[in-house]
Amino acid sequence: MSEHKILQVQNLKVNFDVSSEGDMPWTKAKKLQAVNNVSFDLNSGETLGIVGESGCGKSTLARAIVKMVPADSGKVIWFGNDLLTLNKSEMRQHRKQIQMIFQDPLASLNPRMNIGEIIAEPLRTHYPKTPESDVKERVKDVMNKVGLLDNLVNRYPHEFSGGQCQRIGIARALILKPKLIICDEPVSALDVSIQAQVVNLLMDLQEEMDLTLIFIAHDLSIVKHISTKIMVLYLGNMVELANSNDIYTKPRHPYTQALISAVPIPDPSIEKSKKLILIEGDLPSPVDPPSGCVFRTRCQKAQDICAIEKPEFKEVSNNHEVACHFHD
Amino acid sequence: MIAINKNKIKEMADNLSDSGTGRSLWKDARIRFMQNKAATVSLFILAAIVLFSFIGPYFAVWSYEKIDWNAMGSAARVGMPSIESGHFFGTDDLGRDLYSRVIQGTQISLMVGFLGATVAVFVGTLYGATSGYLGGKTDQIMMRIVDILMSIPYMFVLILLLVVFGRSIGMLFIGIGLLSWLDMSRIVRGQTLNLKNKEFIEAARVTGVSDFKIITRHIVPNLLGIVAVYATLLVPGIILAESFISFLGLGVQEPSTSWGALIKEGAGTIRYDTEWQLLFPLAFFVVSLFCFYFIGDGLRDALDPKDR
Ligand SMILES: Nc1ncnc2c1ncn2[C@@H]1O[C@H](COP(=O)(O)OP(=O)(O)O)[C@@H](O)[C@H]1O
Ligand code: SF4
Ligand SMILES: [Mg+2]
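Rules used throughout
- Residues numbered from 1 in each chain as written.
- Chains lettered and ligands numbered in written order.
- Predicted model: local features only at pLDDT ≥ 70, side-chain atom pairs only at ≥ 80, totals over all residues.
- Heavy atoms only, no water.
- Helix = DSSP H or I, 4+ residues; strand = E, 2+ residues; numbered from the N terminus.
- Buried < 20%, exposed > 50% of the residue type's maximum accessible area, 1.4 Å probe, protein only.
- Contact = heavy atoms within 4.5 Å.
- Axes fitted to C-alpha atoms, helices over the stretch in contact; angles between N-to-C directions.
- Parallel < 35°, antiparallel > 145°, perpendicular 65-115°, else oblique.
- Left-handed = near helix turned anticlockwise from the far one by under 90°.
- Nonpolar A, V, L, I, M, F, W, Y, C, P; charged D, E, K, R; others polar.
- Near = heavy atom within 4 Å.
- Arc of directions from axis to C-beta.
- Salt bridge = Lys/Arg side-chain N within 4 Å of Asp/Glu carboxyl O.
- Buried area = accessible area lost by both parts, 1.4 Å probe.
- Polar contact = N/O pair within 3.5 Å; in protein donor to acceptor, adjacent residues only side chain to side chain.
- Pairing = 2+ DSSP bridges.
- Areas by Shrake-Rupley, 256 points an atom, 1.4 Å probe, with all protein chains shown as cover.

Here the focus is the overall build of chain B. Helix and strand content of chain B: 13 helices and zero strands. Starting at the N terminus and walking to the C terminus, you meet the elements of chain B as α-α-α-α-α-α-α-α-α-α-α-α-α. When each of the 308 residues of chain B is scored for burial, the buried share is 43%. For chain B, contacts bridging at least 24 residues in sequence account for 72% of all contacts bridging at least 6.

Here it is in structure tokens:
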């Protein structure tokens, strides 16, 4: 497996203008900081897990990387090109190599198209001259890869279960043999029993096709198996980034520690003695984030300085980055 | 014995072929529509009425403008419905054959309904899809315009238009069609907004599918269902509006006629024991409207996304 950087995200910021219900047309829109100063590197063959509560900007980060939402500042360097500076047609060339898988499996498939058409769409879009027989062959191929019977090509999405729909979505993402697949909560909408199947499928495919993955989830237990490194987001800010193992064995940020304590441990004796750290209160509004440290309103360790000074996101031990004044 | 076997084999063959071809939503909807008895029967009756308005004239003994001088002025005694006299539906007070007049009225009323609905669907879909797809300020302004137009009393404007620009079928088409696209545009806009945020649209955009292809391949096919339902409900609405206008004497002008105009004439002479002059056009009118509503209802149930 080649160990070179394929994607570097640097200081990425995404703001949305939001107007509230009773606003007059001339009222100035408020800024919602959905993604604030996110940076990470991704090597070929790695899997980056991104974890955070719902609404903390995970999807927005993913969408900003593929230019589905405009970023306000920062860089997304893909094989040496800053994607954010490319125009539409230049970007199109790179779209072949970066694919996405979505949260709601059924909603991500057009109900009026059959499975064959859905899976073939990326291929037909980028290589419109491919002969029909080749398209059929490739569709069959990729359906077998994701564990779907290839005689189902003429079926429609509503005839499939959630897990099968997600496999169809994966097949569509694979048909162009991409380098990077961004999975935005691909299993959150599925039954627990099926979640593992889909995660395992992704891991097998990663091995087989030398894929790099970004895997988004709202809880740590799911990303555990698949990720090589894990980023924890809170209110659009990175709070911790480290190797998967380090995050689990020695989490350093109070937020991560609380998340880890909520992950069930299969061994009942450990599970019983485990101390659960509760996160109290609600997620603050991203329109009006707390001063200083974004987590201070819910942090048990918070001190006065936390309200005044924003903790820098920095490396505190080998490849382990944290944003906290009082990290462990 | 043999028959049973044949059925079994056929069933097995059906099952086999079924594993190859999926049921598209359209096919699904058709099956569900067929299961709705009222809607299916209505579809047949309506088809029969349309067919009748085209082939009916070949069986007519009297043309719609020819006056039967015997019946003129004494419709109550001579002009009743009868096979021998050739006036299957009787005559009107002027001695004109009601059978031919009803056919003529049916043609015109249905045409007004269909053409008016076509204009409304076309304008409304275009306007609504544009507004929804562009979003933001443009959408706001376009929808406020619709709100304003909607607050204007519809019938009043139509009557005013007919009085100012003269009474003609053309004016009636334009007036009804252009005023009834408002609801359509709102419905289509809502649906487009809804679709725009669906993940399959995002999936297509991420892959690099062009905006044009997204609209034609992903948005429009998903709008057709709701447009079809609304259009079938729009046709009777427009027919009703036209009949009302004609009933007021502002719509279709002599020698042309429509259901509304015929009903008006029939109602005016009801005192003279010529009830057929009212009942025949009224029956066509009522039955057709019921059919349209049942079909629209059936379509809505068949295409209802909640049932998928
Ligand atoms: N298009 C948008 N316009 C305005 N606000 C948005 C938009 N998309 C997301 N947001 C806001 O940005 C924040 C992050 O959302 P999102 O990235 O979807 O979170 P997550 O995927 O982690 O649940 C939320 O507060 C959400 O309300
Ligand atoms: S900086 Fe302060 S408030 Fe923020 S996580 Fe660390 S201790 Fe808690
Ligand atoms: Mg999300």
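Now, onward.
Right, let's talk about unusual backbone geometry for a bit. All names here are of chain A. Even without being a glycine, Lys-177 presents a positive backbone phi close to 50 degrees. Taking the relative accessible area as the measure of exposure, Lys-177 reaches 53% and is therefore exposed. Unlike most non-glycine residues, Asp-210 shows phi in positive territory, near 55 degrees. Relative to the helices and strands, Asp-210 is located in the loop between α6 (192–209) and β8 (212–217).

Once that is clear, we can look at the packing of helix α7 (residues 154–165) of chain B against helix α11 (residues 211–247) of chain B. Residue and element names in this part refer to chain B. Between α7 and α11, whose axes approach to 11 Å, the crossing angle comes to 55 degrees. The angle between α7 and α11 places the two elements in the oblique class. Crossing of α7 over α11 shows right-handed handedness. Across from Tyr-154, Met-155, Leu-158, Ile-159 and Leu-162 in α7, the residues of α11 making contact are Ala-241, Phe-244 and Ile-245. The class makeup of the residues in the contact of α7 with α11 is eight nonpolar, no polar and no charged.

This brings us to the site of ligand 2. Around ligand 2, 13 residues are found, and the nearest of them are Cys293(A), Cys299(A), Cys306(A), Cys324(A) and His325(A). Residues belonging to the shell around ligand 2 are distributed by class as follows: nine nonpolar, two polar and two charged.

This paragraph deals with helix α2 (residues 25–35) of chain B. All names here are of chain B. Those residues of α2 that sit buried are Leu-25, Asp-28, Ala-29 and Phe-33. Seen along its axis, α2 keeps its buried residues to an arc of 135 degrees; they face one direction. Counted as exposed and oriented over 90 degrees from the buried face of α2: Arg-30 and Gln-35. Buried residues along α2 sit against α3 (37–55) and α13 (276–303).

For the rest of this paragraph, the subject is the pattern of salt bridges. Taken as a whole, this structure holds 16 salt bridges over all chains when the rule is applied. For the salt bridge of Glu121(A) with Arg217(B), the shortest nitrogen-to-oxygen distance reads 2.5 Å. Taken together, the residues Glu121(A) in helix α3 (residues 115–126) and Arg217(B) in helix α11 connect one chain to another. For the salt bridge of Arg144(B) with Asp147(B), the shortest nitrogen-to-oxygen distance reads 3.0 Å. With Arg144(B) and Asp147(B) both in helix α6 (residues 136–151) and three residues apart, the pair spans about one turn of that helix. Accessibility expressed as a relative area gives 43% for Arg144(B), which makes it partly exposed. Several salt bridges converge on common partners, so that one network encompasses Arg144(B), Asp147(B) and Arg186(B).

Turning to the interface of chain B and chain A, a few remarks are in order. At the junction of the two partners, chain B supplies 27 residues and chain A supplies 30 residues. Of the roughly 2,700 Å² buried between chain B and chain A on both sides combined, carbon and sulfur atoms contribute 51%. Of all residues in chain B, Glu199(B), Val206(B) and Thr207(B) bury the most surface against chain A, accounting for 24% of the area lost on that side. For Glu202(B), the salt bridge goes to Arg63(A), with nearest N and O atoms at 2.6 Å. For the interface between chain B and chain A, the tally reads eleven residue pairs in polar contact (both at pLDDT 80 or more). Those elements that provide at least two residues to the side of chain B that touches chain A are α1 (2–20), α2, α10 (199–207) and α11 of chain B. Among the elements that take part in the side of chain B that touches chain A, α10(B) stands out by supplying eight residues, more than any other. The residue inventory of the side of chain B that touches chain A, partitioned by class, reads eight nonpolar, nine polar and ten charged.

All names here are of chain A. Strand order in the open sheet formed by eight strands is β6-β7-β8-β3-β9-β10-β12-β11, with mixed pairing between adjacent strands. Unpaired on one side and paired on the other, β6 (98–101) and β11 (313–317) mark the two borders of the sheet. Each neighbouring strand pair of the sheet contributes to a mean axis angle of 20 degrees, computed without reference to strand direction. Pairing between strand β7 (residues 180–184) and β8: five bridges, direction parallel. What sits directly across from Asp-184, in β8, is Ile-216. Its contacts with the sheet place helix α1 (residues 58–65) against β3 (47–51), β6, β7, β8 and β9 (229–234), and it is angled at close to 150 degrees to β8. The strands that helix α5 (residues 162–174) touches are β6 and β7; relative to β6, the one it contacts most, it runs at about 175 degrees.

A few words on the environment of Leu248(B). Residue and element names in this part refer to chain B. Among the structural elements, Leu-248 can be located in the loop between α11 and α12 (259–268). Taking the relative accessible area as the measure of exposure, Leu-248 reaches 43% and is therefore partly exposed. Distance in space between the C-alpha atoms of Leu-248 and Val-286 is 18 Å, their sequence separation being 38 residues.

Residues and elements named next belong to chain A. The environment of ligand 1 is made up of Phe-16, Leu-32, Ala-34, Glu-53, Ser-54, Gly-55, Cys-56, Gly-57, Lys-58, Ser-59, Thr-60 and Pro-286. The separation between an oxygen atom of ligand 1 and a polar main-chain atom of Lys-58 is 2.9 Å. At a separation of 2.5 Å, an oxygen atom of ligand 1 approaches a polar side-chain atom of Thr-60. Coverage of ligand 1 by the protein chains reaches 65% of its 560 Å² of free accessible surface. Only β2 (30–43) and α1 provide two or more residues apiece to the shell around ligand 1. Among the elements that line the shell around ligand 1, the one with the most residues is α1, at three residues. By residue class, the composition of the shell around ligand 1 is five nonpolar, five polar and two charged.

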